[in-house]
Amino acid sequence: MDAVNSDASKLWSDACSVIRAKIPERVFAQWFEGIIPIRMDKKKIILGVSDDYFEQWLGLNYSDVIADGLLEAAGKPIKFELEPGHQAEIAAIRAESASEPEAEAAPAPCFEEEDLQKEENAAADPGCAPNCLASYTFDNFIVGEENRYAYSAALTAAQEPGKFNPLYIYGSTGMGKTHLLQAVANFVHRRNPKAIVRYITCEAFLNSYLDSLRTHSTFKSHFEFRNHFREVDVLLVDDVHQLGGKDQIQEEFFNTFNTLYNAGKQIILTSDKQPSEIRGLEGRLVSRFESGVTTQITSPTTFETRLSILQYEQKDQLIKLPPDVIHYVAERISSSIRTLKGALMRLVAYSSMLGRAVPMAEAEGILSDMLDKEAETRKVTVDRIQQVVAEQFQLRVSDLTGNKRPKNIAEPRMMAMYFAREMTELSLMDIGNAFGGRNHATVLHAVAQVKKLSESSDDFRRNLSTLKRKIQG
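Everything in this summary refers to the structure shown in the same document. A quick note: this is a predicted structure, and the numbers were derived from the prediction, not measured. (Residues numbered from 1 in each chain as written. Predicted model: local features only at pLDDT ≥ 70, side-chain atom pairs only at ≥ 80, totals over all residues. Heavy atoms only, no water.)

### Observations regarding the overall build of the chain
Part 1 of the reasoning: Per the secondary structure count, the chain includes 22 helices and eight strands.
Part 2 of the reasoning: In the chain, which comprises 473 residues, the proportion classed as buried is 47%. (Helix = DSSP H or I, 4+ residues; strand = E, 2+ residues; numbered from the N terminus. Buried < 20%, exposed > 50% of the residue type's maximum accessible area, 1.4 Å probe, protein only.)

### Some thoughts on the pairing of strand S1 (residues 36-40)
The two faces of the sheet receive side chains in turn, since in a regular strand these alternate between them.
Part 1 of the reasoning: Note that S1 and strand S2 (residues 44-49) share four bridges and pair antiparallel. Counterpart to Arg39 in the pairing with S2 is Ile46.
Part 2 of the reasoning: Joining the antiparallel neighbours S1 and S2 is a turn of three residues. (Pairing = 2+ DSSP bridges.)

### Some points on the packing of helix H9 (residues 222-230) against helix H10 (residues 247-262)
Part 1 of the reasoning: One way to put it is that H9 packs onto H10 with a least axis distance of 10 Å and a crossing angle of 45°. On the basis of their axis angle, the class for H9 and H10 is oblique. The interaxial crossing formed by H9 with H10 has right-handed handedness. On H10, the residues that touch His222, Phe225, Arg226, Phe229 and Arg230 of H9 are Glu252, Asn255, Thr256, Thr259 and Leu260.
Part 2 of the reasoning: Here the contact of H9 with H10 is composed, by residue class, of three nonpolar, four polar and three charged. (Axes fitted to C-alpha atoms, helices over the stretch in contact; angles between N-to-C directions. Parallel < 35°, antiparallel > 145°, perpendicular 65-115°, else oblique. Left-handed = near helix turned anticlockwise from the far one by under 90°. Contact = heavy atoms within 4.5 Å. Nonpolar A, V, L, I, M, F, W, Y, C, P; charged D, E, K, R; others polar.)

### Details of the sheet that holds S2
Part 1 of the reasoning: One open sheet accounts for three strands, arranged S1-S2-S3; its pairing is mixed. At either end of the open sheet lies a strand with only one pairing partner, and these are S1 and strand S3 (79-84). Averaged over all pairs of adjacent strands, the angle between strand axes in this sheet comes to 30°, irrespective of strand direction.
Part 2 of the reasoning: Strand direction decides the pairing type here: S2 and S3, joined by six bridges, are parallel.

### Let's talk about the environment of Asp247
Part 1 of the reasoning: Inspection of the secondary structure puts Asp247 in helix H10.
Part 2 of the reasoning: In this structure the C-alpha to C-alpha distance between Asp247 and Leu281, which are 34 residues apart in sequence, comes to 8.3 Å.

### Some points on the packing of aromatic side chains
Part 1 of the reasoning: Summed over all chains, the structure comprises 13 aromatic pairs.
Part 2 of the reasoning: For the pair Phe205 and Phe229, a centre-to-centre distance of 4.9 Å together with 65° between the ring planes defines the contact as edge-to-face. Pair noted here: Phe205 is in helix H8 (residues 202-213) and Phe229 is in helix H9, with a separation of 24 residues, a long-range link.
Part 3 of the reasoning: With relative accessibility at 0%, the residue Phe205 sits in the buried group.
Part 4 of the reasoning: Among the aromatic side chains, those forming a connected cluster through ring pairs are Tyr168, Phe205, Tyr209, Phe225, Phe229, Phe253, Phe257, Tyr261 and Phe289.
Part 5 of the reasoning: Against the face of Phe254 rests Arg284, its NZ or CZ located 3.9 Å from the ring centre. (Phe/Tyr/Trp six-rings, centres within 6.5 Å; stacked < 30°, edge-to-face > 60°. Lys NZ or Arg CZ within 6 Å of the ring centre and 35° of its normal.)

### As for H10
Part 1 of the reasoning: Compared with the 22 Å implied by 1.5 Å per residue over 16 residues, the 22 Å span of H10 between its first and last C-alpha is a close match.
Part 2 of the reasoning: Along H10, the residues classified as buried are Ile249, Gln250, Glu252, Phe253, Phe254, Thr256, Phe257, Asn258 and Leu260.
Part 3 of the reasoning: Gly264 sits one or two residues past H10 and shows a positive phi near 75°. (Expected span 1.5 Å × (residues − 1).)

### Structural notes on the nonpolar core
Note that soluble globular proteins tend to have their nonpolar side chains buried in a common cluster.
Part 1 of the reasoning: Counting residues in hydrophobic clusters, the biggest one holds 30 residues, and the most contacted among them are Phe138, Leu167, Leu180, Val184, Val197 and Leu236.
Part 2 of the reasoning: Residue assignment for this core shows that the elements contributing at least two residues are helix H6 (148-159), strand S4 (167-170), helix H7 (177-191), strand S5 (197-201) and strand S6 (234-238).
Part 3 of the reasoning: The greatest single-element share of this core, amounting to seven residues, is contributed by H7.
Part 4 of the reasoning: When near neighbours in sequence (up to four residues on either side) are disregarded, Val197 contacts Ala129, Pro130, Ala185, Val188, His189, Val234 and Leu236.
Part 5 of the reasoning: Membership of the second largest hydrophobic core comes to 28 residues, among which are Val380, Ile385, Val388 and Ile471. (Core = buried A, V, L, I, M, F, W, Y, C linked by side-chain atoms within 4.5 Å.)

### Topic: the pattern of salt bridges
Part 1 of the reasoning: Inspection of the entire model under this criterion finds 15 salt bridges.
Part 2 of the reasoning: Residue Asp14 is joined to Lys10 by a salt bridge in which the shortest nitrogen-to-oxygen separation is 2.7 Å. Taken together, the positions of Asp14 and Lys10, both in helix H1 (residues 3-22) and four residues apart, correspond to about one turn of that helix.
Part 3 of the reasoning: With a closest N to O distance of 2.6 Å, Asp369 and Arg346 form a salt bridge. Residue Asp369 is found in helix H16 (residues 368-378), and its partner Arg346 is found in helix H14 (residues 337-354); the two are separated by 23 residues along the sequence.
Part 4 of the reasoning: The network of salt bridges with common partners includes Arg226, Arg230 and Glu252. (Salt bridge = Lys/Arg side-chain N within 4 Å of Asp/Glu carboxyl O.)

### Brief notes about the side chain of Thr295
Part 1 of the reasoning: Note on placement: Thr295 falls in strand S8 (residues 293-296).
Part 2 of the reasoning: A polar contact of 3.4 Å, which involves the side chain of Thr295, links it to the backbone nitrogen of Ala150. (Polar contact = N/O pair within 3.5 Å; in protein donor to acceptor, adjacent residues only side chain to side chain.)

### What to know about H14
Part 1 of the reasoning: Here H14 is 18 residues long and its end C-alpha atoms lie 26 Å apart, about the 26 Å a rise of 1.5 Å per residue gives.
Part 2 of the reasoning: Among the residues of H14, Ile337, Leu340, Ala343, Leu344, Met345, Arg346, Leu347, Val348, Ala349, Ser351 and Ser352 are the ones counted as buried.
Part 3 of the reasoning: In the segment just after H14, Gly355 is the residue with positive phi, at about 75°.

### Some remarks on the sheet that holds S4
Part 1 of the reasoning: Taken in spatial order, the five strands of this open sheet run S5-S6-S7-S4-S8, and their pairing is parallel. Each end of this open sheet is capped by a strand with a single partner; those strands are S5 and S8. Direction aside, the axes of adjacent strands within the sheet are offset by 15° on average.
Part 2 of the reasoning: Examined bridge by bridge, S5 and S6 share five bridges and lie parallel to one another. Within S6, the position partnered with Thr201 by the bridge is Asp238.

### As for unusual backbone geometry
Part 1 of the reasoning: Between Asn165 and the following residue, Pro166, the backbone shows a cis peptide bond with an omega angle of -5°.
Part 2 of the reasoning: Topologically, Pro166 is positioned in the loop between H6 and S4.
Part 3 of the reasoning: Positive phi outside glycine occurs at Asp239, with the angle close to 65°.
Part 4 of the reasoning: By secondary structure assignment, the location of Asp239 is in the loop between S6 and H10.
Part 5 of the reasoning: Although it is not a glycine, Gln394 sits at a positive phi angle of roughly 55°.
Part 6 of the reasoning: Within the secondary structure, Gln394 sits in the loop between helix H17 (382-392) and helix H18 (397-401).
Part 7 of the reasoning: You can call Gln394 exposed: its relative accessible area is 76%.

Pasting the structure below:
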């Protein structure tokens, strides 16, 4: 550790002692134990936090507490800046900021803070691949219908590198693509520490490429840059849709891809779009990306998956929410995993601040803006439901609203009624009218039958999940 970082650690350790004496222990444990000193200069100290949410919350609610702690510790005003993207080993922080030594904690997530050239010297968890979070593993990835195939493909790629090559995972932001990518990196690294595993975002790849041509701050030459990414066993690149429209970097990526592919090295890519949907992506790259296994991750459509995610997150959180509140969040937030976790963190933050559990009535108010956004994304009409279901089963909408009752029509009709009940705010009478003037009892029967079939048949349940995703668009 250099002198500057040592000074930062000493100052923050002293400040923590001051802060701990001024605030409740639960608040310190929830919000301050995860802060790590990164560096400092004559003007300010940089403090690392885990993510943007912690940065915003600390800035809004505890900036004065941090400033006062630094003032007392340094004997003069010290400016500070919160920098997201860092994880700390809690036991180490406790040992520095408290007089009593703490028991050794389990290995914490590691995040490479230095540039690519210095990754060999980065202090990392032995089980954590360079530039990855140790917390991203296959063991803690919650598997549901919406990500089961992507999970299986990623696990196979980790266990048998080169078998699925390339593996291309796509889906909207916040669905768990990065988690799977880094889980592969950590799995391979733990199994064979000598394997060269490179995880990088597409933006970082682009910046490193430009650096190798211009400033040479990370790579002394373009040749060194090429070797860094071509002499590897596994290359994992996040957000490759950012290649679109960048001709020069596409040429470099194309050659890197070919070198690794021809050598039988594993390549895994993620994107928010299918290869053919990326604007400005050369046809030859589209062809290469589609030549292996392509799989999609969608939003967590099942209540069970969302509940499992929330329950897993709660395991390591000091503040526990009431079960009915957890269930409420799982029922109402379904747009993405990131939004789901954000809702949970917001409620945990309020509980910490209030010093008590947040009851259901308050939870609804705290999450009101998020719930409004969810409602917007969930706005589904009965017309759309009928159209999607009819197309799925190669029927006409008139078949669903008509009187014919053969199984190939009756079952899709029940499914459409079920979705109308679950995904719209229509009354039973309105739903019945939309399906040819049927009464509310018929709608209730259809809903009950679909639930019964979903519980007894895996195939039916999968078809139901597929249909729901299509209806949601």
